[in-house]
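Fold and geometry: a report
Here are the chains, one letter per residue:
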2 protein chains.
Amino acid sequence: MNHGAGGELMQEFVSRHVLSHLEGTASEVPLEALDDSAVVDGIVFTTDGHTVKPLIFPGGDIGSLSVAGTVNDLSVMGAEPVALSSAVIMEEGLDMETVDRVMAGLAEASRACGVPVVTGDTKVIESGGIDGMVIVTSGIGRRSPHMDSNLERARRSREVKSAWLTDDNVAPGDALIVSGRLGDHGVALLSFREGYGFDTDVKSDVAPLNRMIASALQAGGIVTIKDPTRGGLANCLNEWSSKSAVGIELDGPAIPVSETVNNACELLGIDPLSIGNEGKAVIACVPEAAEDVLAALRSHPEGEDAALIGYATAEYDRVVIRTEMGGRRVLEPPVGDPVPRIC
Amino acid sequence: MNHGAGGELMQEFVSRHVLSHLEGTASEVPLEALDDSAVVDGIVFTTDGHTVKPLIFPGGDIGSLSVAGTVNDLSVMGAEPVALSSAVIMEEGLDMETVDRVMAGLAEASRACGVPVVTGDTKVIESGGIDGMVIVTSGIGRRSPHMDSNLERARRSREVKSAWLTDDNVAPGDALIVSGRLGDHGVALLSFREGYGFDTDVKSDVAPLNRMIASALQAGGIVTIKDPTRGGLANCLNEWSSKSAVGIELDGPAIPVSETVNNACELLGIDPLSIGNEGKAVIACVPEAAEDVLAALRSHPEGEDAALIGYATAEYDRVVIRTEMGGRRVLEPPVGDPVPRIC
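Parameters and conventions
Residues numbered from 1 in each chain as written. Chains lettered and ligands numbered in written order. Predicted model: local features only at pLDDT ≥ 70, side-chain atom pairs only at ≥ 80, totals over all residues. Heavy atoms only, no water. Helix = DSSP H or I, 4+ residues; strand = E, 2+ residues; numbered from the N terminus. pLDDT = per-residue confidence, 0-100. Salt bridge = Lys/Arg side-chain N within 4 Å of Asp/Glu carboxyl O. Buried < 20%, exposed > 50% of the residue type's maximum accessible area, 1.4 Å probe, protein only. Phe/Tyr/Trp six-rings, centres within 6.5 Å; stacked < 30°, edge-to-face > 60°. Lys NZ or Arg CZ within 6 Å of the ring centre and 35° of its normal. Pairing = 2+ DSSP bridges.

Let's shift gears to the environment of A312(A). Mapped onto the elements of the fold, A312(A) is located in strand β12 (residues 307-313). Along the primary structure A312(A) and R142(A) are separated by 170 residues, whereas in three dimensions their C-alpha atoms are 29 Å apart.

Another aspect to go through is the confidence of the model for chain A. Looking at chain A as a whole, the pLDDT averages 89, with 90% of positions reaching at least 70. Model confidence for the complex: the whole-complex pTM is 0.88, and ipTM, which rates the interface, is 0.85.

Right, let's get into unusual backbone geometry. Going from K53(A) to P54(A), the amide bond is cis rather than trans, its omega being 0 degrees. Mapping P54(A) onto the fold places it in the loop between β2 (43-50) and β3 (56-57).

A full pass over the atoms with the stated rule returns 37 salt bridges over all chains. A salt bridge links K243(A) to E239(A); the shortest N-O distance between them is 3.1 Å. Separated by 4 residues within a single helix, K243(A) and E239(A) lie in helix α7 (residues 232-244), roughly one turn from each other. The exposure class of E239(A) is buried, given its relative accessible area of 11%. The partner of D148(B) in a salt bridge is R143(B), and the shortest N-O contact between them spans 3.1 Å. Assessed through its relative accessible area of 51%, D148(B) is described here as exposed. Within the structure, one salt-bridge network assembled from shared partners comprises D48(A), R230(A), D121(B) and K123(B).

This model, assessed by the stated rule, comprises 1 aromatic pair over all chains. An angle of 80 degrees between the planes, with centres 6.5 Å apart, marks the rings of F45(A) and F45(B) as edge-to-face. Of this pair, F45(A) sits in strand β2 while F45(B) sits in strand β2 (residues 43-50), placing the two residues on different chains. Summarising the burial analysis for this pair, F45(A) and F45(B) share the class buried. A cation sits over an aromatic face here: R143(A) above W164(A), 4.8 Å from the ring centre.

To continue, consider the pairing of strand β10 (residues 247-251) of chain B. All names here are of chain B. Counted residue by residue, β10 has 4 buried out of 5 residues, so it is predominantly covered. Sheet analysis places β10 next to strand β12 (residues 307-313), joined by 4 bridges and oriented antiparallel. Across the sheet, the residue bridging to E249 is Y311, located in β12. The pairing of β10 with strand β13 (residues 319-322) spans 4 bridges and is parallel. Counterpart to I248 in the pairing with β13 is V319.

Rendered as C-alpha cells:
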C-alpha cells in the first residue's frame, strides 16, 4: 500500500518500475519531470486515478473530488482548463443510488467551475477490492492568458527558469503561501470512516481552484503552484526543495490548521502537514508580489484563510519548520501515507 | 456485469445514469454523441478503462492493449495521436515482475506507434476484485493532415454531414470494409483463461492502427471509421445504423473470420461478430473509393486481410447478413457481453 501513498517509497517505485520502461519525450514538461501535468504541443494534459473511501463523504464525493483534482492539476501548471474526461470503473452490484449521487456530484462540480466533461468510459468488474467505484479523470488545458504578464512580474525581480509553473522553478528568497487551512480533507474522511472512534464536524475542502488561481496569476509574480494532495504540504515542499535545489524555512505558527484538525491529528498520532488536501494551493512567488497574491487569493471564498508561511533559502537544502518555542525541526517527506485512500 | 458489456444495456445505463447528469457542451463532437473521441477547441480527446483478464495474454498484455485502444480511438475519429496519459491502479501484493512486464508492453507499444506517454498516475488499493491491475489511458490528438483531402474525395460523390469521422456520417450506398479477421482477441483470451477447456494458438490482434489509418485517409473517400472493440462488429454496425439512420447489408461469406475462431465460437455458442477486437478498423467510404482504401489497408501488415463486407442501404433500417445459403438474418447489437473482461 505504501507504494501508492504519494511519498518517497512511491517516487522510488515509479522511477524504477514505470519510468525506467518509458523513453524521455520532447514535450515541454515531460513525464520524467513527475510534475502535476505534462505540456505537449501547446496542450496541458494530466490524469489522476481516484480511489477514495467512502465514495460519499462530508463535503463531497468521489465525483466532485475527481473534477476538482484534475482541474487543479491543470491550473497549478499555469493552464486554463478546457475539458475533462471521466472513466468510471464500477463493481458489479453497486447500487444505482450511489452511482447517481456520485455522477450528480461530478456534474455539479464541472458546472460550478465551468469545465465540461466531454468524453468518458464505463467499465463494470466483479465485486471485490475497489469498494464500489474508481474514477480516473484526465484533463486538457491551454496556457492561461495571465501567464506571460505573471512571469513578467517575477522576472522584474530575478531570472525565471521555466515558462510553466513547474516544481523546479523556486529560487532562494521566494515567498511561500498556502491558500487556506490544511488537513480538512483527510480528517473529514477519517472521522467519517467506521472504527476510528472519533467524531468531528470537519468537512472536506474539495474544490476546483481554477478561478482563484486565475486571480492570483493576474496579481503576478508567481513562479510555481502545487496542490498539496497525497502527502500534503510536506510532500509538496520537499518536491520543490529537491527539484529546485533550494532549502525552505517555514514559520510554524503561521501555517493555517484548524484546532479540530490539530486535535484529531494529535489523537491519531499523525502530522496534519502530511495529510492530503483537495481544495488548496501552495504558491511560490517573488517576495515583492506576496501581498498582492495574498489579496487576490483572499478575494475568493476558497482562499479567505490564505497565509504567508515562509521563504525559500540558499542556506540549506531541506524543509525546516521554526516552531512556536523558537526551535527548528526538519519536515521530512512522508514515507507512506498516514491516511490511505483519501484521493 | 452486463451494464459494462458495451451492448444495449450499457447504452441505456450510460444514458440514464451518466449523461442525464451532465450538460450538453459546445464541443464539435460532444459527450452525448457517445462517439470514440470528443473534439473540443481543435483537440481530439478520448479515455478508456482497461480491465482485461488475464493481465498478460497471447499476443499482448494490458499495457499494450491500453496504448492500442487509445491510439485507435483517436485515429478512427480522423486524428493524428499526439500523446497519451496512463493511470495505473494496482492491487496491493501484485508482483513486480508482472508490473514490469506490463509496463514494458505499454512502453514498447508506445514506441512502436510513435505516440509518447507524457503523464500518468499510480494508485495502490487493497487486494480484491480488480485482478491485479486496471489501466486507464487517455489520449489527445490533432486533426489528421489527410482529413481535408479525404473528405474532399467523398464529397465528389455525395454530401458529407460531419467534418470528423463520426458514427452519424454513413449514407446509403457507402461501402463497408473491415481491415482484417475478426474475433481473434476475444478467443485468444478465452482459450488462455482457466476452466474453458479448449486450447487454440490464436493470438490477440492488439495493435495501434494510426499508421494504417493514415494511409487509408490518404487514399481518400472515407466518411467514418470505428474500432470494433466491446460488442464487436455487431455493436459497431448497429451504432452506425442507428446514428446514421441507414440500413446495412452484409455479405456473410465475405466477412473474414479464421476457421479456428469460427470453431471455438461454435463450441462456446457465441457469435464471432459480437466479440471485441483490439487491432481492427471498420471503415465506411464512398463506393468509388473502396478499391483504393482496400489497397491502402493491405499495404500494412495489420491490414493484409482487409475485405469489402457490404454496403449501407436505404431499403431498411437494420443490420442484415446475407448467408452462404442465400438466406438473410438480422445482426442484432449484443445485449450483454459474450466474452467479459477482454478490454
